[in-house]
Amino acid sequence: MNWDDTSSETEAPDAAAERLVGASADGEDQAVEAALRPKSLGEFVGQERVREQLDLVLKAALARGATADHVLLSGAPGLGKTTLSMIIAAEMNAPIRITSGPAIQHAGDLAAILSSLQEGEVLFLDEIHRMSRPAEEMLYMAMEDFRVDVIVGKGPGATAIPLELPPFTLVGATTRAGLLPPPLRDRFGFTGHMEFYESAELERVIHRSAQLLDLEIDADAAAEIAGRSRGTPRIANRLLRRVRDYAQVKADGYLTREVAAIALGVYEVDARGLDRLDRAVLQALLKLFGGGPVGLSTLAVAVGEERETVEEVAEPFLVREGLLARTPRGRVATPAAWAHLGLTPPYAPGAGGQGGLFGA
Ligand code: ADP
């Protein structure tokens, strides 16, 4: 699967932060994720191609006794970029430093980090596309020559003092490689594109996590949770924890398909992984506007949300799932959307509804 064109499910407004099916890490995720992260490439589920290629890059560097090339990982939140960076460090027997683009506002912040790296250390820079411009320029030289120029003083009297850095491996992560300026992108020796996971892969992630959390889960329950996890391991792990809560309170702790389905129904995550907001958008589109086309602003008013929330939080997944299309004339529901909500499309040739784009 390659959904890159629509993978803008990023850090959108408040509505995203509190979603059970949001892909960014919340406080609880951060607390438990360390325990669930695979520690080696062998344990890392899926992403066959990236894994194989990375395995070669790392083994070759180890054989040469060299520091590994800089690695760029692109893909939506929750697909395992941080995890892979830690695996890279572990496989190289190297320490790792973790920071992010937004945390580096001044070139000086970056200089401080770079100059304190140990030889061979892995520097994980999450959201690398959100770094400030001066820091980015400093990074070019650091990546290429393992050197930075530290500017001392101001105005005409300012001088650049070159500072040698130990060789290090930069692992940059971004939601989209296309957001990076080409000079930065070109300085990575290896780029791995992380894709959304197939259901069978998520089932493996869920079984693995269940074992680590000491939970009994059957294959059907794992499949039920995987089907609602939007192709994202972070969401799969989070849904597993919610199902566990429910099972502990209501079902003697044993996780079956039925328990998983009821539990996730309580949390309003439906069989396809849509939550309340996603369904509200689809329902408005179908019931109020006959399936569209309707403008984004009108749709947002109809669901009582901000335009940005509908566009950045709900729509990417609906588009990815083939339930909604963004067209020049407005948002349009696909036949799959009508089927998903169990509604029958009105027959109105040429007048909204299914007319035009998807009409029979
Ligand atoms: P990202 O950095 O891309 O946002 P993370 O690396 O933080 O994602 O992964 C989120 C969670 O999902 C982690 O707890 C990790 O255990 C789990 N995870 C991600 N990818 C995999 C994988 N391939 N196999 C098993 N677990 C995974």
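Residues numbered from 1 in each chain as written. Predicted model: local features only at pLDDT ≥ 70, side-chain atom pairs only at ≥ 80, totals over all residues. Heavy atoms only, no water.

**Here we look at the UniProt feature "binding site: DNA" (unreviewed entry) in the chain**
Okay, so step 1: Per the UniProt record, "binding site: DNA" (unreviewed entry) is found at Arg307, Arg326 and Arg331. The greatest C-alpha distance among the residues just named is 13.9 Å, despite their covering 25 residues of sequence, which places them together in space.
Okay, so step 2: Assignment of secondary structure puts Arg307 in helix α14 (residues 307-320).
Okay, so step 3: Judged by relative accessible area, Arg307 falls into the partly exposed class, the value being 38%. (UniProt positions renumbered as here; feature names shortened; annotations may be inferred. Helix = DSSP H or I, 4+ residues; strand = E, 2+ residues; numbered from the N terminus. Buried < 20%, exposed > 50% of the residue type's maximum accessible area, 1.4 Å probe, protein only.)

**Description of the pairing of strand β4 (residues 147-152)**
Okay, so step 1: In terms of strand pairing, β4 meets strand β5 (residues 159-164) through 6 bridges, oriented antiparallel. Considered in β5, the bridge of Val150 is made with Ile161.
Okay, so step 2: Between β4 and β5, which follow one another and run antiparallel, lie 6 residues, and Gly153 among them has a positive phi close to 85 degrees. (Pairing = 2+ DSSP bridges.)

**Things to note about the domain arrangement of the chain**
Okay, so step 1: When its domains are assigned, the chain resolves into domain 1 (47-193), domain 2 (199-266) and domain 3 (276-358).
Okay, so step 2: With centres defined by C-alpha atoms, the gap from domain 2 to domain 3 works out at 30 Å. (Domains from an automatic or database assignment.)

**Section: the nonpolar core**
Okay, so step 1: Grouped together as the largest cluster of nonpolar side chains are 50 residues, with contacts concentrated most on Leu84, Ile88, Ile206, Ile217, Ile225, Leu240 and Leu255.
Okay, so step 2: Residues lining this core come from more than one domain, with at least three contributed by each of domain 1 (47-193) and domain 2 (199-266).
Okay, so step 3: Every residue in contact with Leu255, bar those within four places of it in the chain, is listed here: Leu215, Glu216, Ile217, Asp218, Ala221, Leu240, Val243, Arg244 and Ala247.
Okay, so step 4: Membership of the second largest hydrophobic core comes to 25 residues, among which are Leu123, Ala135, Ala142 and Ala177. (Core = buried A, V, L, I, M, F, W, Y, C linked by side-chain atoms within 4.5 Å. Contact = heavy atoms within 4.5 Å.)

**Brief notes about the packing of helix α9 (residues 219-227) against helix α11 (residues 257-266)**
Okay, so step 1: As a packed pair, α9 and α11 sit with axes 7 Å apart at the nearest point and diverge in direction by 25 degrees. Considered as vectors, α9 and α11 are oriented roughly parallel to each other. Side by side, α9 and α11 meet where Asp220, Ala221, Ala223, Glu224 and Ile225 of the first sit next to Arg257, Ala260, Ala261 and Leu264 of the second.
Okay, so step 2: Broken down by class, the residue content of the contact of α9 with α11 amounts to 6 nonpolar, no polar and 3 charged. (Axes fitted to C-alpha atoms, helices over the stretch in contact; angles between N-to-C directions. Parallel < 35°, antiparallel > 145°, perpendicular 65-115°, else oblique. Nonpolar A, V, L, I, M, F, W, Y, C, P; charged D, E, K, R; others polar.)

**Notes on the sheet that holds strand β2 (residues 96-100)**
Okay, so step 1: Reading across from one edge, β2-β3-β6-β1-β7 is the order of the 5 strands in this open sheet, with parallel pairing throughout. Single-partner strands in this sheet number two, and they are β2 and β7 (190-193). Each adjacent strand pair in this sheet contributes to an overall mean axis angle of 15 degrees, direction not counted.
Okay, so step 2: Note: strand β1 (residues 71-74) against β7, 4 bridges, orientation parallel. Each bridged residue has a counterpart across the sheet, and for Val71 the counterpart in β7 is Phe190.
Okay, so step 3: Across the face of the sheet, helix α4 (residues 81-91) comes into contact with β1, β2, β3 (122-126) and β6 (169-174) while running at roughly 175 degrees to β3.

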